[in-house]
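# Overview (structure and organization)
So the chains spell out like this:
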Amino acid sequence: MIIGITGTPGTGKTSACALIGGVLDLNKLIKDEGLHLGVERERGSLIADMDVVYDRICEIAEGRDGNLVIEGHLSHHVCDVAIVLRLSPDELVRRLEERGYSGAKISENVEAEAIDVILVEAVEWCGRDRVYEIDTTGKTVEEVAETIREVLDAVGRGIVVDGYEPGSVDWVSGYIF
Ligand code: ADP
Ligand code: MN
């Protein structure tokens, strides 16, 4: 089984997974192995060739005994179970500003986070009962890593874990009257 740790850029995937260990960095794989179609003109980012990425990830997973865990904002497109890291839009703005992202790139990512874009894509790809959301707001990197470990452990053992189902995180209902 392939487990993807996904989420809007800046939600803390790479930081938390560095503490977990043994997690494949999907963006790095795409870059290192040239699994892309070229460079996007406007943003200068690589356009991943998702069919090729999917085949490569399946190949890596087949060579494994246990589950393959991958991380990256594209990982929900190529996994069986998705763990979606969420971060309050306010906090995400601050993180992306610190990262030096342009205003346009910050808006694009924060809007996507606010309206659950990656969560919805993950549910479409994996199915509702194979998607978990983790609210990382106010959590340290170690606390996020620990929560991911808890979900990974439950998924690995086929145990149902409550409190992380799609819809458990909601950034907009407080603004609707
Ligand atoms: P992603 O891989 O999801 O894009 P990163 O792990 O690269 O996110 O983290 C983005 C930025 O946020 C980095 O500057 C990182 O140091 C910081 N960061 C990550 N997780 C946390 C956290 N739990 N608390 C505070 N800052 C964090
Ligand atoms: Mn990352």
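In this text the structure is predicted, and so the values were computed from the model without any measurement.

### What to know about the overall build of the chain
Secondary structure assignment for the chain yields seven helices and seven strands. For the chain, the sequential pattern of α-helices and β-strands runs β-α-β-α-β-β-α-β-β-α-α-α-β-α. Taken over C-alpha atoms, the radius of gyration comes to 16 Å for the chain, in line with the 16 Å a tight globule of 177 residues would show. Referenced to the eigenvectors of the C-alpha coordinate spread, the extents of the chain come out at roughly 50 × 45 × 30 Å. Within the chain, the proportion of its 177 residues that are buried is 42%.

### Description of the pattern of salt bridges
Scanning all chains against the criterion turns up 10 salt bridges. Ionic pairing is found between Glu 113 and Arg 86, a salt bridge with its closest N-O pair at 2.8 Å. Of this pair, Glu 113 sits in helix H5 (residues 103-114) while Arg 86 sits in strand E6 (residues 81-86), placing them 27 residues apart in sequence. Accessibility classification places Glu 113 together with Arg 86 in one group, the buried group.

### Examining the site of ligand 1
Close to ligand 1 lie Pro 9, Gly 10, Thr 11, Gly 12, Lys 13, Thr 14, Ser 15, Arg 95, Arg 99, Lys 139, Thr 140 and Val 141, which account for all nearby residues. At 2.9 Å, a backbone N or O of Lys 139 approaches a nitrogen atom of ligand 1. Against a free-state accessible area of 560 Å², the protein chains account for coverage of 69% of ligand 1. By residue number, the principal contributor to the shell around ligand 1 is helix H1 (residues 13-20), which donates three residues. Split into classes, the residues belonging to the shell around ligand 1 amount to two nonpolar, six polar and four charged.

### What to know about the sheet that holds strand E1 (residues 2-7)
Paired through their backbone hydrogen bonds, the strands of a sheet run either parallel or antiparallel. The strand order across the open sheet built from five strands is E2-E5-E1-E6-E7, with neighbouring strands paired in parallel fashion. A single partner strand is all that each edge strand has here, and the edge strands are strand E2 (24-25) and strand E7 (131-135). The pairing of E1 with strand E5 (residues 68-71) spans four bridges and is classified as parallel. Of the residues in E5, the one forming a bridge with Ile 5 is Glu 71. Contacts between H1 and the sheet are confined to E1, E5 and E6, with E1 contributing the most and set at about 140 degrees to the helix. Contacting E1, E6 and E7, helix H6 (residues 117-126) crosses the sheet at an angle of about 175 degrees to E6.

Parameters and conventions
Residues numbered from 1 in each chain as written. Chains lettered and ligands numbered in written order. Predicted model: local features only at pLDDT ≥ 70, side-chain atom pairs only at ≥ 80, totals over all residues. Heavy atoms only, no water. Helix = DSSP H or I, 4+ residues; strand = E, 2+ residues; numbered from the N terminus. Rg over C-alpha atoms; globule rule 2.2 N^0.38 Å. Buried < 20%, exposed > 50% of the residue type's maximum accessible area, 1.4 Å probe, protein only. Salt bridge = Lys/Arg side-chain N within 4 Å of Asp/Glu carboxyl O. Near = heavy atom within 4 Å. Polar contact = N/O pair within 3.5 Å; in protein donor to acceptor, adjacent residues only side chain to side chain. Areas by Shrake-Rupley, 256 points an atom, 1.4 Å probe, with all protein chains shown as cover. Nonpolar A, V, L, I, M, F, W, Y, C, P; charged D, E, K, R; others polar. Pairing = 2+ DSSP bridges. Contact = heavy atoms within 4.5 Å. Axes fitted to C-alpha atoms, helices over the stretch in contact; angles between N-to-C directions.

Honestly, it's all geometry; don't read function into it.
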